[in-house]
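Residue-level listing of the chains:
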Amino acid sequence: MKMFEDQLMGNTNTETTKQETQALKQDPSSTPNTSENFITDLEGVPTFDYENIPIVDIVNDMIVDSISRGASDIHFDPFDSGIHVRIRIDGDLHNYTLVPLSMKKNMITRVKIIANMNITESRLPQDGAIKGLIENYNVDLRVSCLPTNLGEKIVIRILDYSMSSTGLENLGFSKENLTLVNKMLAIPNGIILVTGATGSGKSTTVYSMLQKLNTENRNLITVEDPIEMNIDGINQVQVNSEIGMTFGSALRSILRQDPDIIMIGEIRDSETARIAVRSAITGHLVLSTVHTNDSLNTIERLLDMDVERYLLGAAISGIVSQKLARKLCDNCKSLRPTTDYEKKVFKNNLGLDVNEIYEAKGCPKCTGGYRGRIPIHEVLLINQEIKDAISAGLPKTKLRELVFGENSEITTMLQDGLKKILTGITSFDEILRLIELDDEEMNSYKLVEHEITNAENNQSDEKELETFTF
Ligand SMILES: [Zn+2]
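These figures come from a predicted structure and were not determined experimentally. (Residues numbered from 1 in each chain as written. Predicted model: local features only at pLDDT ≥ 70, side-chain atom pairs only at ≥ 80, totals over all residues. Heavy atoms only, no water.)

## Considering the nonpolar core
Inference 1: Core analysis: the biggest nonpolar cluster contains 39 residues, and Ile191, Val223, Ile264, Ile267, Leu302, Leu312 and Ile316 have the highest contact counts within it.
Inference 2: The element contributing the most residues to this core is helix H8 (residues 270-281), with five residues.
Inference 3: The next biggest cluster of nonpolar side chains, apart from the first, holds 33 residues, and it includes Phe48, Ile58, Ala71 and Leu141. (Core = buried A, V, L, I, M, F, W, Y, C linked by side-chain atoms within 4.5 Å. Buried < 20%, exposed > 50% of the residue type's maximum accessible area, 1.4 Å probe, protein only. Helix = DSSP H or I, 4+ residues; strand = E, 2+ residues; numbered from the N terminus.)

Here it is as C-alpha cells:
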C-alpha cells in the first residue's frame, strides 16, 4: 500500500477552473442519499476500521477496491453525520460505504492532499489529478472538489487506459463497421467525427483512431480540454481559455506547425467548426467529437454552427455514432423465449426469426446481471452522393433517404444492438433502454445479412472491453 501511495504522490498537477465547469464535473445526475436508506447492493465491500487504521491507508484501499470493481467514479458526498461514499459502475451509482462524522474532515483533507489541492481553501472549487501505475492499471485519476452547504463534495474520476491501448479492433465494432472505419482513416484529408452523449466512450474511440494513425512519417497534433490520455509521439495541446488559449487560437497556431493529422477534442462552437472544415479542405485529416446522437443530427448541428454547406459537403468523410450498452454477465446470463414484440423487432430490422435470447439474472460476480459495457455503433462513410446532397442543401428527409434508404449499406444503431443481443453480449432490455423504437423501425423492413463476425466474437479479454470511462 505504501508503494501505491508513492505512485499516487508522484507526478501530480492541479488547476482551477470556473465554478460552472466544476458543477458539470461533479456529475449533476447524482442525488445524495440520506443515511437511513444507505444500503449497498455491492458484494463484499470491505469494512474500514477507522479507529485503528490510518486514513491514508483507508483512502488508498477505497480507490484500489473501486478500480478493481470496474468503477468509473468515486463520490464522497458530505452530509450532517459523515460522508456517503458511492461508486459508479457501468453507468450507475451504487452505495459503497459510510464514513463516520469523526473522520469526515480527515477523509476530505487526505483526498485533497493526494490530488495536490490547497487544503487551506475550502470555500472555492478545486481540480486535481493523480497519475500512476496501480497494479496492472495505467490510470489517471481526476479529482474535483466542490463546496456544498454540508461540506466539500469530492468526485474522483477513474480514467482507465487499458481499453484505448488495445486497438480499434477490440472496441466492439462489427466486422462491417470496422471495415468502414478503416476506409475513413485511409482517406488522407477530410473530417471524421465521433458522436454520442457524454460518457458514451467517444474519446476512447478517437484515441484508438489516433493510435492507428500514429506513424513516424506523419505529424499528429491534438488540441484538447482536458488531455485525457498521453500518447507517445503525438503533440498534445491543452486549451486554457483563461489566458486566451481557446480551441480557435490553438488551432490557428497548430496549422502553422505543418500537421498531417489534427485531433480536436470537441467541436463546441462556430469558430472551431469552421477551422476544422477549412483544415480538412486544405489537405489535413481532422478527427473530432460532437455531442449529437446520430449521423444526420451531426450534419445538422454543424450547419447550425454556421459552417458553409458546400465546404461541409466537401470536407466530411465519415461519422461514427455510438452508445454504451451494458454487457451481460457470462457467469449468470440465461436463455429465455422471445416475446411476440421482440420477434417482430428482430424480423423487421434483421429479417430473422429469433426464438430465444439471453437475459440478465444477477450473481456475486456482477451487478444486476451485467458486467462491463460495449458500444453499439452506427458508422456512416460519406459517399459522393451524400456529399453532393449536403452541398446542394437537400432537405433532411432526402438526406435521411440517402443515408438509411433502400440502397444504403448502413447498419443502424438498432441493428447493431440487435446483433449484439443475438451473440449474447447484451440484452433486449438494455438495447430498448438506449434506443427508442419509432414506428418506422417497427414497420419498415430492410433485410440486412446477418453474420456473426469475428470482431464481435473476439472477446478474449474481459477486462479490456470492460471500461469506457471517458
Ligand atoms: Zn452474474
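## A closer look at the sheet that holds strand E11 (residues 261-264)
Inference 1: One open sheet accounts for seven strands, arranged E10-E9-E11-E12-E8-E13-E16; its pairing is mixed. Looking at strand neighbours, the two that pair on one side only are strand E10 (235-238) and strand E16 (370-381), the edges of this open sheet. Averaged over all adjacent pairs, the angle separating strand axes in this sheet is 20°, with direction ignored.
Inference 2: Bridge count between E11 and strand E12 (residues 285-290): four bridges; the pairing is parallel. For Ile261, the partnering residue across the bridge sits in E12 and is Leu285. (Pairing = 2+ DSSP bridges. Axes fitted to C-alpha atoms, helices over the stretch in contact; angles between N-to-C directions.)

## Some points on the coordination of the zinc ion
Inference 1: Protein-derived coordination of the zinc ion comes from Cys329 (SG), Cys332 (SG), Cys363 (SG) and Cys366 (SG), at a distance range of 2.3 to 2.4 Å.
Inference 2: Counting the intervening residues between successive donors of the zinc ion yields the motif C-x2-C-x30-C-x2-C. On the criterion of sequence distance, the pair formed by Cys332 in the loop between strand E13 (316-328) and strand E14 (334-337) and Cys366 in the loop between strand E15 (356-359) and E16 is long-range, its members being 34 residues apart.
Inference 3: By relative accessible area, which is 11% here, Cys366 ends up buried. (Donors = N, O, S within 2.8 Å, 3.2 Å for Na, K, Ca; no water.)

## Here's the deal with unusual backbone geometry
Inference 1: In this chain, Asp225 is followed by Pro226 through a cis amide linkage whose omega measures 0°.
Inference 2: Despite not being glycine, Asn116 shows a phi value in the positive range, around 60°.
Inference 3: For Asn116, a relative accessible area of 38% puts it in the partly exposed group.
Inference 4: Within the chain, Asp258 stands out as a residue other than glycine whose phi angle is a positive 50°.
Inference 5: Within the element layout of this structure, Asp258 appears in the loop between helix H7 (247-255) and E11.

## Considerations on the packing of H7 against H8
Inference 1: At their nearest, the axes of H7 and H8 sit 9 Å apart, and the two run at 20° to each other. In this view, H7 runs roughly parallel relative to H8, as classed from their interaxial angle. When the axes of H7 and H8 are compared, the crossing they make is left-handed. For the pair H7 and H8, the contacting residues are Phe247, Gly248, Leu251, Arg252 and Leu255 in the first and Glu271, Thr272, Ile275 and Ser279 in the second.
Inference 2: Here the residues of the contact of H7 with H8 are counted per class, giving four nonpolar, three polar and two charged. (Parallel < 35°, antiparallel > 145°, perpendicular 65-115°, else oblique. Left-handed = near helix turned anticlockwise from the far one by under 90°. Contact = heavy atoms within 4.5 Å. Nonpolar A, V, L, I, M, F, W, Y, C, P; charged D, E, K, R; others polar.)

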